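Chains, contacts and geometry: an overview
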Amino acid sequence: MSCCSLNWSTIGAALGGLAVILGAFAAHGIDGYFAEKYAGQLKTVTGVEVPAAQKYLNDFKTGAQYQMYHSLALLAVGFAGVTSRKQKLLNIAGWCFLLGIIFFSGSLYVLTLSGQTFWGAIAPIGGTLLIVGWFSLAAGVCACGGGSTIETEGPETPAST
């Protein structure tokens, strides 16, 4: 296993564990904080007014879900690095997933905890990075072109013995 693949796998596993912690926090602890912080406030979601605490709890959970999905993608980047010769594309994918998690999920966490809505402007940057990460991963694991196939020697011939 190359150093690159080991590092992306390690980062993905650690971020996956953190996603579980944050998801549990969302399911079992933060709802009271949101209910108190956003008491009486409403937000419009798909044309319907809902309590701000409910919207922010859902947004926090979305951050944790996307963090988990892309932590698993980082594991895939690491494992793909074992066989793929397209390390540059895999590193691009890894960096895009890592930065995408920070910008997308991180901005949702900060927005919901602080109530400062300008953090919502950062989420699309993270989302774009996550999309680029997926396409880079696809190109990095593609067996077509670019020397991505593993060359094997053919059978021994009498002349080669």
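Right above here is the structure, for reference.
Bear in mind that the values here come from a model prediction, so they are computed numbers and not experimental data. (Residues numbered from 1 in each chain as written. Predicted model: local features only at pLDDT ≥ 70, side-chain atom pairs only at ≥ 80, totals over all residues. Heavy atoms only, no water.)

Helices and strands together make up the secondary structure of the protein, namely 5 helices and 2 strands. Each helix (α) and strand (β) of the protein, taken in turn from the N terminus, gives the series α-α-β-β-α-α-α. Across the 161 residues in the protein, those meeting the buried criterion constitute 36%. Sequence-distant contacts in the protein: of pairs separated by 6 or more residues, those separated by 24 or more amount to 75%. (Helix = DSSP H or I, 4+ residues; strand = E, 2+ residues; numbered from the N terminus. Buried < 20%, exposed > 50% of the residue type's maximum accessible area, 1.4 Å probe, protein only. Contact = heavy atoms within 4.5 Å.)

The subject of this paragraph is the side chain of S71. Tracing the backbone through its elements, the reader meets S71 in helix α3 (residues 52-80). With relative accessibility at 1%, the residue S71 sits in the buried group. Each residue touching S71, except ones within four places of it in the same chain, is listed here: G12, L15, G16 and I101.

Okay, unusual backbone geometry next. Of note in this structure, T46 is not a glycine but carries a positive phi near 50 degrees. Checked against the element boundaries, T46 lands in the loop between β1 (42-45) and β2 (48-51).

Another aspect to go through is the packing of aromatic side chains. Geometrically, a pair of aromatic rings is defined through the distance of the ring centres and the angle of the planes. Throughout the structure, instances matching the rule amount to 11 aromatic pairs. When the centroid spacing of 4.9 Å and the interplanar angle of 50 degrees are considered together, the rings of F60 and Y109 count as tilted. Within this pair, whereas F60 is found in helix α3, its partner Y109 is found in helix α4 (residues 87-114), the two being separated by 49 residues in sequence. Classification of F60 by relative accessible area gives buried; the value is 1%. A relative accessible area of 12% means that Y109 is categorised as buried. (Phe/Tyr/Trp six-rings, centres within 6.5 Å; stacked < 30°, edge-to-face > 60°.)

In this section: the pattern of salt bridges. In total, this model carries 1 salt bridge according to the counting rule given. For D59, the salt bridge identified is with K55, shortest N-O distance 2.7 Å. Remark: K55 and D59 occur in helix α3; sequence separation between them is 4 residues, near one turn of the helix. A relative accessible area of 24% places K55 in the partly exposed class. (Salt bridge = Lys/Arg side-chain N within 4 Å of Asp/Glu carboxyl O.)

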